[in-house]
Amino acid sequence: MKYVDEYRDPTLASRVAADIEKLSAGRDLKIMEVCGGHTHTIYKHGIEDVLPPNIDMIHGPGCPVCVLPMGRIDDAIAIARKENVIFTTFGDMMRVPGSGGSLLDAKAEGADIRFVYSPLDALNVARKYPDRQVVFFAIGFETTAPSTAVTLLRAQAEGIMNFSVFCNHVAVIPAIKAILDAPDQRLDGFVGPGHVTMVIGLEPYTFIAQERHKPIVMAGFEPLDIIQAVHMVVLQISEGRAAVENQYVRVVQPEGNKKALEAIARTMELRPTFEWRGLGFIPFSAMQLRPEFAPWDAELRFEVPGIRVADPKACQCGEVLRGVIKPWECRVFGSACTPETPIGTCMVSPEGACAAYYNYGRFSMASERHQFRVLRSNVNECA
Amino acid sequence: MKDIWQNQQIHAEQEDQKAQACELDEEGHCITCSDEAIAVTIVQVDPEHGRALVEVKRRREEIDITLIEPVVPGDIVLVHAGIAIGKI
């Protein structure tokens, strides 16, 4: 598509970045991009090298693979190992380590685990194998929940009873709230997730601006989308404003996608609590199937261990997910923990901050800029 | 129309069986895991079943279009996990 070129124009990027530098007037600002897709774009296109050095992009917990605690992976593997089950999953979940191995390990040991692009594919598998129990491992934020919802509605309409969903959908707003509630956060603004917002609309973010007085701007996924969104955040800060704004106007409507929200509301409800890797238990932050859809709920159909598993001692994914440390500051980054031998989920998923930095960011000046910022703030403290 | 889709589906299944893990695009990006939708072009529409045939990179796929406003061939929609959730 031709407009991709316009959204990657380096001259325009430099011009917008220069304006950001002028507006921020040398003030150190920490801006969190929530979405894993944004983290990936930032590292891949070296956006931090384009932005002025006083702008620090903090990587948020917007990777749905990364935020699943190991105990839930163990539960998925337990279901996959059950007799007569065909366990279907998005590809990236295959390599995520549980306490005793991954889904890929379980597959190597004989479990029937299959990779699908869509829960609708999983439903097709259920139609094709009526004597087998087909389970779909549902993960993702509100961008992905609609696909699970539509699949459940189809399963109900067609009376397909050998299909069930192991639901691990999570919601973005409670995660942002948990980050704002954290005592160690020093964020000045947010770049919001473009496609989640395409579904949920702008209204749920209002509390961030009105109660917490932080600007938040929804952004698209091209490099200039993100740079322009940062510009809009910094402009608000320079004017002493805090509002919910939309940079991604070509896609995001303020009211969101009402049909998608309706499908989600018909099939799912919020769990009282759910554990997020790195953020702990957050109330009303994840979805489970509504009672009307109990026949398609894998957690009711199958027994799962449901055991809470702590992260490996060496793993600092939690601190990376909260934006407290950068990937290269993790003690095992690049040594014991690499994409080939991941310890934690930030490295397993290509959208995790650590994998993104390992694959692209090492060729940027990101860590040097960070050292410079730390040094400068130490010097300022001594002066 | 149905025959074309059946052939597409068989071809897609054969491709899927070869895949062991996430299919990363040429930018090393896992679209599904990143919770990001991709833009695709509508090729054919089946409004009765709420489905459409779309062109995405190297191949044609069938998607669900029940969550967006009516579309026609040539429209660009945003798809995630097999469902269209927005329109450009």
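Reading the values: the criteria
- Residues numbered from 1 in each chain as written.
- Chains lettered and ligands numbered in written order.
- Predicted model: local features only at pLDDT ≥ 70, side-chain atom pairs only at ≥ 80, totals over all residues.
- Axes fitted to C-alpha atoms, helices over the stretch in contact; angles between N-to-C directions.
- Helix = DSSP H or I, 4+ residues; strand = E, 2+ residues; numbered from the N terminus.
- Parallel < 35°, antiparallel > 145°, perpendicular 65-115°, else oblique.
- Left-handed = near helix turned anticlockwise from the far one by under 90°.
- Contact = placed C-beta atoms within 7 Å.
- Nonpolar A, V, L, I, M, F, W, Y, C, P; charged D, E, K, R; others polar.
- Expected span 1.5 Å × (residues − 1).
- Buried ≥ 20, exposed ≤ 12 C-beta atoms within 10 Å, placed from the backbone.
- Arc of directions from axis to C-beta.

1. Overview of the packing of helix α8 (residues 145-158) of chain A against helix α13 (residues 258-267) of chain A
Residue and element names in this part refer to chain A. At their nearest, the axes of α8 and α13 sit 8 Å apart, and the two run at 60° to each other. Judged by the angle between their axes, α8 and α13 are oblique. The interaxial crossing formed by α8 with α13 has left-handed handedness. Across the interface between the two elements, A145, P146, A149, V150, L152 and L153 from α8 touch A260, A263, I264, R266 and T267 from α13. Split into classes, the residues belonging to the contact of α8 with α13 amount to nine nonpolar, one polar and one charged.

2. Observations regarding helix α2 (residues 10-24) of chain A
Residues and elements named next belong to chain A. For α2, with 15 residues, the first-to-last C-alpha span of 21 Å sits near the 21 Å given by 1.5 Å per residue. Turning to α2, its buried residues number three or more, namely A13, I20 and S24. In an axial view of α2, the angular spread of the buried residues amounts to 20°, which keeps them on one side of the axis. Seen from the open side of α2, the exposed residues pointing more than 90 degrees away from its buried face are T11, S14, R15, A18 and K22. On its buried side, α2 packs onto β1 (29-35), α4 (47-50), β2 (55-62) and α12 (223-238). Trailing α2 by a residue or two, A25 shows a phi angle of about 50°, which is positive.

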